[in-house]
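Observations on chain architecture
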Amino acid sequence: MSAESVERIVERLAEQGIDVVRVGYPDLIGTERGKDVLLERLPEVAESGVAFCRAVYHTTPRGDTVAVPGGLDLGLPDVCVRPDLSTLVELPWEPGVAHCLGDAYDPATGLPLAESPRSVTRAAAARLAELGLTGVVGPELEYFLLEPDGAGWKRYDDAPGNVYVTGRKGDRGSHVLRGLRALRKLDIGVTMGNHEYSGGQFEINLHHSEATDAADRAFRFKSAIKELARHDGLMATFMAKPFNDEGGSGFHAHISCVDGEGRNVFADPAAPYGLSATAMHAIGGVHAHASALAALLNPTINSYKRFGPDTLAPWLNDWGLDNRSAMLRIPPERGAGTRLEVRLGDASANPYLGIAGLLAAVYLGIRDRVEPPAPLEGYGYDTAKAAVLPMSLPVALDAFEADGELTEVLGKEFAASYLAYKRDEVERFSRSVTDWEFREYAYHL
């Protein structure tokens, strides 16, 4: 919570012309839920929180409620969400409105809700702290911007070959420039942006910070980009692979660890590759738990349509030195910039859960001194060199459930909720008739 009194916060916001505080928090899939609170009601909300039905964590994108333990079986009980006033910031695109993150609690016990993604990230960070280490993460997220096309959507300003261009060549409405300026005011550590590989695809970079703060900023970034697009009559999607004829969108996480004095413990100039034993064990941990991590970093049915040879979306469990064809890349910087870049994730991942899973894997690797295999040499995507990672959501969920060490760090109650929610997604998809099936079978069969 903020050290500033709630009363002083209310006075300060009123002086700034703000009369509403939006309290937002992530559900299991990273969608923002929340309430708009009139400024004069903020003191009581800060003390008592606001009630939501716990089934908000079990609600599908289509609006159905999944029978996850703790929801329907208990009569749809409440959760309490209290605003974290230390995260207050004015919304640049919504005059008179400030935004803050909320923390979910179980009203019966007063404890953080086990399935709250922010709680899961904090719990994983706490386990790493038991080793005297703080996880530092720099998130990278890609997304597609779409514009109306009759009753549907098409890629915004769609043209080939615009990777890494700036200006109106691939962005006639200056989406990136206007986005950067708005996001700077949101104070979430935005640094730069550009057009990405596919038509209508963009990337805006975020600075690195302590892991929970990085997850907060990535969550707010995704929510902000989608909201800014809506203001322009467009749609931004972080879906893993929205189109058959183009690649997908990634969520790359740059991870390092610092000690109590802020020193990067992954750096060792005297060691092979300039990587300390701690860094090698962290690599070993991510490698050992990569199949289970896929359930968090590639969390949808659609996620696995992004993978394949020559996609730069890693589908083999390998690591390499400045090698973008590897699942885990070690960028060339050393010293304070020494880090791992885990390239497994796609943009549909809940940033909290993806980062929490990576922290848990790094913690287990360092704790257990897990040694990684030899690094990949040359171009990857050779199944003779490394094992194939899960290629479907059901396989990834099975790997997640079987990884007792990882789920223990993340929390057994959270893991059970997540598995129940995601297995319902698999079951619903298995019963759904797709456009592909109709085109393939209807005329001939």
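Residue indices begin from 1 for each chain and proceed along its sequence in written order. At least 70 in pLDDT is required for a residue's local features to be given in this predicted model, at least 80 for side-chain atom pairs to be given and counted, and no such filter applies to totals for whole chains, interfaces and linings, which use all residues. Each side-chain value is derived from all of the structure's non-hydrogen atoms; neither hydrogens nor water enter the calculation.

Let's talk about the state of the cysteines
Throughout this description, disulfide means a covalent bond between two cysteine sulfur atoms. Any cysteine sulfur atom paired with another within 2.5 Å is treated as part of a disulfide. What the rule picks out here adds up to 0 disulfides. The thiol sulfur of cysteine 100 is not disulfide-bonded, and the nearest other cysteine sulfur, from cysteine 80, lies at 13 Å.

Describing the packing of aromatic side chains
Only Phe, Tyr and Trp rings take part, Trp by its six-membered ring, and two of them pair if their centres are within 6.5 Å. Stacked means planes under 30 degrees apart, edge-to-face means over 60, and tilted covers everything else. Taken as a whole, this structure holds 15 aromatic pairs when the rule is applied. Arranged with centres 5.0 Å apart and planes meeting at 70°, the rings of tyrosine 25 and phenylalanine 52 form a pair that is edge-to-face. Here tyrosine 25 is found in strand E1 (residues 20-26), whereas its partner phenylalanine 52 is found in strand E3 (residues 50-53), with 27 residues between them in sequence. By relative accessible area, tyrosine 25 is classed as buried at 1%. Here's how the labels work: a residue is buried when its accessible area is under 20% of the maximum for its type, exposed when over 50%, partly exposed in between, all with a 1.4 Å probe on protein chains only. Of the residues examined, phenylalanine 52 reaches a relative accessible area of 11% and is grouped as buried. Where tyrosine 25 meets tyrosine 57, the ring centres are 6.2 Å apart and the plane angle is 50°; that geometry is what we call tilted. You can see tyrosine 25 sitting in strand E1 and its partner tyrosine 57 sitting in the loop between E3 and strand E4 (78-90), a full 32 residues away along the chain. With respect to class, tyrosine 25 is no different from tyrosine 57; both count as buried. Put simply, DSSP H or I for four residues or longer makes a helix, DSSP E for two residues or longer makes a strand, and each gets a number counted from the N terminus.

A look at the environment of alanine 442
Structurally, alanine 442 can be placed in the segment after helix H12 (435-441). Sequence separation between alanine 442 and glutamate 115 is 327 residues, and the spatial gap between their C-alpha atoms is 43 Å.

Regarding the packing of helix H6 (residues 277-288) against helix H8 (residues 351-367)
The contact between H6 and H8 brings their axes to 7 Å, and the two run at 125°. By the angle class used here, H6 and H8 are oblique. For the pair H6 and H8, the crossing hand works out as right-handed. Counted together, Thr278, His281, Ala282, Gly285 and Val286 of H6 and Ala361, Val362, Gly365 and Ile366 of H8 form the full contact between these two elements. In this classification, the charged set is Asp, Glu, Lys and Arg, the nonpolar set is Ala, Val, Leu, Ile, Met, Phe, Trp, Tyr, Cys and Pro, and all remaining amino acids, among them Gly, are polar. Of the residues contributing to the contact of H6 with H8, the split by class is 5 nonpolar, 4 polar and no charged. The convention used is that axes are lines fitted to C-alpha atoms, helices contributing only their stretch in contact, and that angles between N-to-C directions extend from 0 to 180 degrees. By the definition adopted for this analysis, an angle is roughly parallel if under 35 degrees, roughly antiparallel if over 145, roughly perpendicular if from 65 to 115, and oblique otherwise. By convention the crossing between two helices is left-handed if the near helix lies anticlockwise of the far one by an angle smaller than a right angle, and right-handed if it lies clockwise. The contact criterion used throughout is that any non-hydrogen atoms of two residues lie within 4.5 Å.

Some thoughts on helix H7 (residues 290-297)
Taken across its 8 residues, H7 has 7 buried, putting it largely inside the fold. All of the buried residues along H7 are Ala290, Ala292, Leu293, Ala294, Ala295, Leu296 and Leu297. Next to the buried residues of H7 lie strand E12 (251-258), H6, H8, helix H9 (393-402), helix H10 (404-410) and helix H11 (412-430).

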